[in-house]
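# Tertiary structure, described
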Amino acid sequence: MLDGGKMISLDGVGILGGGGGLICLKRRDLGRSYGVCFLKWRYGRPLCAKPVEDESVPVPISAAELSRVAGNAEALERGRWNRESNALPRQLSATDLVAPSQGLNIRVAYQGLPGAFSEAAALKAYPLCETVPCEEFDVTFKAVEMSVVDRAVLPIENSSDGSIHRNYDLLLSHRLHIVGEVQLAVNHCLMALPGVKKEGIKRVLSHPNALAQCEFKLNKLEVIQQNMHDTAGAAQIIASDNLRDAGAIASVQAAEIYGLNILEKGMQDLSDNVTRFLILAREPIIPGTDRPFKTSIVFTLDEGPGVLFKALAVFSLRNISLTKIESRPQRKRPLKVVTDSNHGTAKYFDYLFYIDFEASMIEPRAQNALAHLQ
Ligand SMILES: O=C(O)C(=O)C[C@]1(C(=O)O)C=C[C@@H](O)C=C1
């Protein structure tokens, strides 16, 4: 366990807190509470968030706006039946409840420019939200922390290309909670300025993950591959700089926004190409059992034979499925020195283990598994 036996809980998908502090979980079976300690922990690395443009700073949402969203402004103003006017507060209808969950009046940050796949993921999660483009992943996290936006949507893994490690690391250096996830089918297109033919393309610009997902087809084209911040940014630069020798790998929406011609759709090597995005917020959601819940945790392990096997057994013993396991270097202490009576002193790499499991923290079996792990 990390730092003197404490388990660091990263978050649950809407379950556990992500910052420092102590969560008290009520054991429903025993009627008592126990605490899961989790530490706020930085690597001593300065946050290199770039300043957010003035115009993207939101006007604070007023109480009046909120009550209008709920469709019950009259109820708040009057609160009761008025004999003279015979007016009653308007009752909430099902439509009023749908609007906030669809993202009405919610600002969602994503990394990239309009037309990026991350923006499409934000709109899949909250179809009515206002999307807010950010330059870097770091800025996206910061925008939520600083209340510039309400949510962030960040890619965490791709079905063919694997994990997006940068975001695993950033999850630990920011105080945010995972409140959901969204999966997006990613269809990459090769695009260029109108009039440019495939044979005229000498280089292809895109996000490194997008280029990796199209590796086979790009290698066949025999072009230079250039990394950009995001797929839509690649399309935008071709249009703004009138790059007639370049193509971009980006979405259909990006081609429309930046006025490029699509030369080929389905550029990804595997037709099933899905990216999983996390939805992050300042506040956790309350765990329930009304729908499937996932919980995400992160921990380190002491030295010893079979410790990872034993750690994972706490879940399997309770019939809890693990959906993801990821390990990252423990950057605070990347190497540990272990002295063995037979082999002398050796240096081992030290890891953080990230685990997603399918259970809600309201379930005793999940609470017991975490207590056991701790
Ligand atoms: O550049 C974009 O359009 C993004 O949204 C980023 C990103 C990624 O980081 O993986 C998202 C989905 C695709 O897998 C390719 C790129």
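This report concerns the structure included in the present document. As the structure is a prediction and not an experimental result, all values here were calculated from the model.

Once that is clear, we can look at the site of the ligand. Contacts to the ligand come from 13 residues, most closely from Phe117, Ser118, Gln213, Thr231 and Thr275. Here an oxygen atom of the ligand and a side-chain polar atom of asparagine 209 are 3.0 Å apart. Threonine 275 places a side-chain nitrogen or oxygen 2.8 Å from an oxygen atom of the ligand. Taken by itself the ligand offers 360 Å² of open surface, and the protein chains cover 100% of this. Judged by the proximity of its atoms to the pocket grid, the ligand belongs to the largest cavity. Of all the secondary-structure elements, those providing two or more residues to the shell around the ligand are helix H5 (117-125), strand S6 (151-158), helix H8 (208-213) and strand S14 (274-281). A class-by-class count of the residues in the shell around the ligand yields five nonpolar, seven polar and one charged.

This paragraph deals with the sheet that holds strand S9 (residues 189-192). Taken in spatial order, the five strands make up an open sheet running S11-S10-S12-S9-S13, and their pairing is mixed. Strands at the two margins of the open sheet, each flanked by one partner only, are strand S11 (224-227) and strand S13 (261-264). For this sheet, the mean inter-axis angle between neighbouring strands, taken without regard to orientation, is 35 degrees. Pairing analysis gives three bridges linking S9 to strand S12 (residues 246-250), with the strands arranged antiparallel. Paired with leucine 190 across the bridge in S12 is isoleucine 249. The sheet strands contacting helix H10 (residues 231-240) are S9, strand S10 (203-206) and S12, and the helix crosses S12 at an angle near 150 degrees.

Before going further, it helps to examine unusual backbone geometry. Phi is positive for serine 147, which is not a glycine, with a value near 60 degrees. Owing to a relative accessible area of 43%, serine 147 belongs among the partly exposed residues under this scheme. Notably, asparagine 319 is not glycine yet its phi reads approximately 60 degrees, a positive angle. Residue placement: asparagine 319 occurs in the loop between helix H12 (307-316) and strand S16 (322-329).

Of the residues making up helix H13 (residues 364-373), those classed as buried are Ala366, Gln367, Ala369, Leu370 and Leu373. Axial view of H13: buried residues confined to an arc of 160 degrees, hence all on one face.

Inspection of the secondary structure puts valine 153 in strand S6. Sequence spacing of valine 153 and glycine 195 is 42 residues, and the spatial spacing of their C-alpha atoms is 35 Å. Beyond its immediate sequence surroundings of up to four residues, valine 153 is in contact with Val108, Ala109, Tyr110, Ser118, Ala121, Ala122, Phe277, Leu278 and Ile279.

Once that is clear, we can look at the environment of leucine 88. In this fold, leucine 88 is placed in the loop between helix H3 (73-78) and helix H4 (94-101). Judged by relative accessible area, which is 58%, leucine 88 ranks as exposed. Along the primary structure leucine 88 and valine 223 are separated by 135 residues, whereas in three dimensions their C-alpha atoms are 69 Å apart.

So, on to H12. Considered for burial, the residues of H12 that qualify are Ala311, Val314 and Phe315. Along the axis of H12, the buried positions cluster into a sector of 105 degrees, meaning they face one direction only. Opposite its buried face, H12 presents the exposed residues Phe309, Lys310 and Ser316, each directed more than 90 degrees away.

Let us look at the packing of H12 against H13. Where H12 meets H13, the closest approach of the two axes is 8 Å, and the angle between their N-to-C directions is 165 degrees. Relative to H13, H12 is oriented roughly antiparallel. Relative to H13, H12 is oriented so that their crossing is right-handed. Listed contacts from H13 to Ala311, Val314 and Phe315 of H12 are Ala369, Leu370, His372 and Leu373. Per-class residue counts for the contact of H12 with H13 are six nonpolar, one polar and no charged.

This paragraph deals with the nonpolar core. Formed by 30 residues in total, the largest nonpolar core has its most connected members in Met191, Ile201, Val204, Leu218, Ala235, Ile238 and Ile249. If near-sequence neighbours (up to four positions away) are discounted, methionine 191 is found in contact with Ala235, Ala246, Gly247, Ala248, Ala250, Ser251, Ala255, Leu260, Asn261, Ile262 and Leu263. Listed in part, the 25 residues of the second largest apolar core include Val148, Ile164, Leu171 and Leu278.

Here we take up the packing of aromatic side chains. Per the counting criterion, the structure on display carries four aromatic pairs. Where tyrosine 168 meets tyrosine 354, the ring centres are 4.9 Å apart and the plane angle is 80 degrees; that geometry is what we call edge-to-face. Here tyrosine 168, found in helix H7 (residues 165-173), pairs with tyrosine 354, found in strand S19 (residues 351-357); they are 186 residues apart in sequence, far enough to count as distant. Grouping residues by exposure puts tyrosine 168 and tyrosine 354 together as buried. The interplanar angle of 40 degrees and the centroid separation of 6.0 Å between the aromatic rings of phenylalanine 299 and phenylalanine 353 together place this pair among those described as tilted. Note that phenylalanine 299 is positioned in strand S15 (residues 295-299) and phenylalanine 353 in strand S19, a separation of 54 residues in sequence. Across this residue pair, the class does not change: phenylalanine 299 and phenylalanine 353 are buried. Ring pairing ties together the aromatic residues Phe299, Tyr351 and Phe353, which thus form one cluster.

Bringing the packing of helix H6 (residues 137-145) against H7 into the picture now. One way to put it is that H6 packs onto H7 with a least axis distance of 10 Å and a crossing angle of 35 degrees. The crossing of H6 and H7 is right-handed. Where H6 approaches H7, its residues Phe137, Asp138 and Phe141 are matched on the opposing element by Arg166, Asn167, Leu170 and Leu171. Along the lines of polarity and charge, the residues of the contact of H6 with H7 split into four nonpolar, one polar and two charged.

Criteria and thresholds
Residue positions within a chain follow its written sequence, with the count starting from 1. Only residues with pLDDT of at least 70 are given local features in this predicted model, and only at 80 or more are side-chain atom pairs given and counted; all residues enter the totals for whole chains, interfaces and linings. Hydrogen atoms and water are omitted, and side-chain values are computed over all heavy atoms in the structure. Near is defined per residue: the residue qualifies when any heavy atom it owns lies within 4 Å of the molecule or strand. Throughout this description, a polar contact denotes any pair of N or O atoms lying within 3.5 Å of each other; where both atoms belong to protein, one of them has to be capable of donating a hydrogen while the other can accept it, and for residues adjacent in sequence the pair is counted only when both atoms sit in side chains. Each accessible area value is a Shrake-Rupley result obtained with a 1.4 Å probe; residue values ignore everything except the protein chains displayed when judging cover. Cavities and pockets are defined on a 1 Å grid built over the protein atoms alone: a cavity is a set of grid points where a 1.4 Å probe fits but cannot escape, while a pocket is an open set with protein on both sides within 12 Å along at least five of seven lines, and lining residues are those with an atom within 4 Å of any such point. A cavity or pocket is said to hold a molecule if more than half of that molecule's atoms lie within 2 Å of its grid points. Every helix listed is a DSSP run of H or I at least four residues long, and every strand listed is a run of E at least two residues long, numbered separately from the N terminus. Residue polarity follows a fixed list, in which Ala, Val, Leu, Ile, Met, Phe, Trp, Tyr, Cys and Pro are nonpolar, Asp, Glu, Lys and Arg are charged, and the others, Gly among them, are polar. Any two strands are treated as partners once DSSP identifies two or more bridges connecting them. To get an axis, a line is fitted to the C-alpha atoms, and for a helix only the part in contact is used. The angle between two axes follows their N-to-C directions and goes from 0 to 180 degrees. Two residues qualify as a contact provided that any one of their heavy atoms is within 4.5 Å of a heavy atom in the partner residue. Only protein chains enter the area calculation, which uses a 1.4 Å probe; residues under 20% of their type maximum are buried, those over 50% are exposed, and those in between are partly exposed. To be clear, the arc concerns the directions from the helix axis to the C-beta atoms. For classification purposes, an angle smaller than 35 degrees is called roughly parallel, one larger than 145 roughly antiparallel, one from 65 to 115 roughly perpendicular, and anything else oblique. A crossing counts as left-handed when the near helix is turned anticlockwise from the far one by less than a right angle, and as right-handed when that turn is clockwise. The definition of a nonpolar core used throughout is a set of buried Ala, Val, Leu, Ile, Met, Phe, Trp, Tyr and Cys residues joined through side-chain atoms within 4.5 Å. For Phe, Tyr and Trp, rings pair up if their centres lie within 6.5 Å, where Trp contributes its six-membered ring, and each pair is then called stacked (planes under 30 degrees apart), edge-to-face (over 60) or tilted (otherwise).

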